[in-house]
Amino acid sequence: MDALFLTAPLAVGSIAAALAALIAITDRIVNNYGEITLDINGGRKQLSLKGGQPMLFGLAEEGIFVPSACGGRGSCGACKVVVQSDIGPIMPTEVPYLSREEVEQKVRLSCQIKLKQDVSIEIPEELFNVQDFSATVTSIKDVTHDIKEVLCDLPPGREVSFLSGQYGQFEIPPYGKVRERTMRAYSISSPPGKKSELEFLIRLVPGGIVTTYVHEHLKEGDTIRLVGPFGDFSVRESGAAMICVAGGSGMAPFKSIFQDMIDRGTLQDRDIWYFFGARSLRDLFYLEWLEELDNSFETFHFIPALSEPQPEDNWQGATGLITEVLDRYLKEKISRDHPKEGYLCGSPGMLDACMAVMTANEMKSEDIFFDKFA
């Protein structure tokens, strides 16, 4: 019996290895799709790509980077393209990320589409301007107990043009048990006027592959890969009052937006209400800068709120969930007569709750813009 129990796992392992090898050989033979042609935006660009690979990766090899917050794992729903060709039914992995309207418009997730035949797609024109950089980490600072400010310098002579509010993709190398390069998306916190550097605010997520690397392994002087810019979360030039809500590293796009407005001399041109939610005092940061803006500009109003202030915090500001504070201000302190726009950045739950509060206070859903963390 002892011999049987010792050798049976070896036999099973050998069979599994043989099956894996057979599957790999079969895949190479049966699924050898050769070269395929990928037409983009009605002939704007045509690519000859190796068949069988995911569309997202094939595009990236040719320098066209479709946004993907999860690095192509099919868990963020960001890498959407319009597919004009008939490539078969929607995959089950795509269903959770596509609305009924998107399905009708032939939207698909490029990371879930294998290139098996010639195909025509449509992508936003701005994706042709996305760049790929090897940047040097020049500064890493702790701004809270779980958020690091990471500053990256682009190679000499390289510049990037972006809108405040956009994001970039941050790639880290294999480490520990992580066997492959991994990429995640983070909002850019530096202003567009600084074209040769990009700054990110990266919060440690328990078990997060990229955030763990940044917090425990990344060092000043390291070289990392950046891809961007992406996203359409930016200020609309409408003159409406800006109702901004964030928490944690959701500070990033607003730091970029406010500094950009200061640099362009437009911060005083419209009412801005910036609500920032945190648990306790140790979760607040950039307080001096934001309070200075509040004191220096009549149109800028900074409202930090703590949901669980500690006795040692001696907190005198607003308390409660940020949605509760937002609701009170919309009802009691912010003019109902002036047009308003909502700008939100944070977790899906926080954003959904804020949108509910805003629409309940007569703000139009089409005037609420957001950057939702996956």
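Cut-off values and rules
Residues numbered from 1 in each chain as written. Predicted model: local features only at pLDDT ≥ 70, side-chain atom pairs only at ≥ 80, totals over all residues. Heavy atoms only, no water. Pairing = 2+ DSSP bridges. Helix = DSSP H or I, 4+ residues; strand = E, 2+ residues; numbered from the N terminus. Domains from an automatic or database assignment. Contact = heavy atoms within 4.5 Å. Buried area = accessible area lost by both parts, 1.4 Å probe. Salt bridge = Lys/Arg side-chain N within 4 Å of Asp/Glu carboxyl O. Axes fitted to C-alpha atoms, helices over the stretch in contact; angles between N-to-C directions. Parallel < 35°, antiparallel > 145°, perpendicular 65-115°, else oblique. Left-handed = near helix turned anticlockwise from the far one by under 90°. Nonpolar A, V, L, I, M, F, W, Y, C, P; charged D, E, K, R; others polar. Phe/Tyr/Trp six-rings, centres within 6.5 Å; stacked < 30°, edge-to-face > 60°. Buried < 20%, exposed > 50% of the residue type's maximum accessible area, 1.4 Å probe, protein only. Lys NZ or Arg CZ within 6 Å of the ring centre and 35° of its normal.

Pairing analysis gives six bridges linking strand β6 (residues 131-142) to strand β11 (residues 223-230), with the strands arranged antiparallel. Within β11, the position partnered with Gln 131 by the bridge is Gly 228. Strand direction decides the pairing type here: β6 and strand β7 (residues 147-153), joined by six bridges, are antiparallel. Of the residues in β7, the one forming a bridge with Thr 136 is Asp 153. In this antiparallel pair of consecutive strands, β6 and β7, the connection spans four residues.

Below, the discussion takes up the domain arrangement of the protein. According to the domain assignment, the protein consists of domain 1 (35-127), domain 2 (130-230) and domain 3 (241-372). Placing a centre on the C-alpha atoms of domain 1 and another on those of domain 2 gives a separation of 25 Å. Taken together, the contact between domain 1 and domain 2 spans eleven residues of the former and twelve residues of the latter. In total, about 860 Å² of surface goes out of reach between domain 1 and domain 2, with carbon and sulfur atoms giving 52% of it. Of all residues in domain 1, the largest losses of buried area upon contact with domain 2 belong to Phe 65, Ala 69 and Arg 73, amounting jointly to 56% of the total for that side. Remark: the boundary between domain 1 and domain 2 carries one salt bridge.

This brings us to the packing of helix α5 (residues 251-264) against helix α6 (residues 287-296). Two numbers describe how α5 lies on α6: the axes approach to 13 Å, and their chain directions differ by 45°. As far as their axial angle goes, α6 and α5 are oblique. The handedness of the crossing between α5 and α6 comes out as left-handed. For the pair α5 and α6, the contacting residues are Met 251, Lys 255, Phe 258, Gln 259 and Ile 262 in the first and Trp 289, Leu 290 and Leu 293 in the second. By residue class, the composition of the contact of α5 with α6 is six nonpolar, one polar and one charged.

Interhelical geometry of helix α7 (residues 322-332) versus helix α8 (residues 348-360) gives an angle of 20° and a closest axis separation of 10 Å. As the angle between them shows, α7 and α8 are arranged roughly parallel. Crossing handedness for the pair α7 and α8: right-handed. Contacts from Ile 322, Thr 323, Leu 326, Asp 327 and Leu 330 of α7 reach α8 at Met 350, Ala 353, Cys 354, Val 357 and Met 358. Along the lines of polarity and charge, the residues of the contact of α7 with α8 split into eight nonpolar, one polar and one charged.

Under the counting rule described, the total for this entry stands at 17 aromatic pairs. Measuring from centroid to centroid gives 5.6 Å for Phe 170 and Phe 200, while their planes differ by 85°, and the two rings are edge-to-face. Within this pair, whereas Phe 170 is found in strand β8 (residues 167-172), its partner Phe 200 is found in strand β10 (residues 197-203), the two being separated by 30 residues in sequence. Ring centres of Phe 275 and Tyr 329 lie 5.4 Å apart, and the angle between their planes is 85°; this geometry places the pair in the edge-to-face category. With Phe 275 in strand β13 (residues 272-278) and Tyr 329 in helix α7, this residue pair connects regions lying 54 residues apart in the sequence. Given a relative accessible area of 0%, Phe 275 falls into the buried group. By way of ring pairs, the aromatic residues Phe 233, Phe 254, Phe 258, Tyr 274, Phe 276, Phe 285, Tyr 286, Phe 300, Phe 302, Tyr 343 and Phe 369 are connected into one cluster. A cation over a ring is seen here: Arg 44 above Phe 128, with NZ or CZ 4.0 Å from the ring centre. Positioned over the ring face of Phe 369 is Arg 236, at 3.9 Å from the centre of the ring.

Enumeration over the complete set of coordinates arrives at 15 salt bridges. Linking Glu 94 and Arg 108 is a salt bridge whose minimum nitrogen-to-oxygen distance equals 2.9 Å. Taken together, the residues Glu 94 in the loop between β3 (80-83) and α3 (100-104) and Arg 108 in strand β4 (residues 107-109) connect sequence positions 14 residues apart. Put simply, Arg 264 and Glu 237 hold a salt bridge, and the shortest N to O gap is 4.0 Å. Placement of Arg 264 in helix α5 and of Glu 237 in the loop between β11 and β12 (241-247) is noted, with a sequence separation of 27 residues between them. For Arg 264, a relative accessible area of 43% corresponds to the partly exposed category.

Turning to the sheet that holds strand β1 (residues 35-40), a few remarks are in order. Here five strands make up an open sheet; going across it, the order is β2-β1-β5-β3-β4 and the pairing mixed. Each of the sheet's edge strands pairs with one partner strand only, and the pair in question is β2 (45-50) and β4. Neighbour-to-neighbour, the strand axes of this sheet turn through a mean angle of 40°, independent of strand direction. Pairing analysis gives six bridges linking β1 to β2, with the strands arranged antiparallel. When the bridges of β2 are listed, Thr 37 appears paired with Ser 48.

Attention shifts here to unusual backbone geometry. Excluding glycine, most residues fall at negative phi; most peptide bonds, likewise, are trans. Looking along the chain, the bond that leaves Gly 228 and enters Pro 229 is cis, with omega of 5°. By secondary structure assignment, the location of Pro 229 is in strand β11. A positive phi angle is found at Lys 106, which is not glycine, with a value near 70°. Tracing the backbone shows Lys 106 in the loop between α3 and β4. A positive phi angle, near 50°, is found at Asn 314, a position not held by glycine. One can find Asn 314 in the loop between β14 (300-306) and β15 (318-319).

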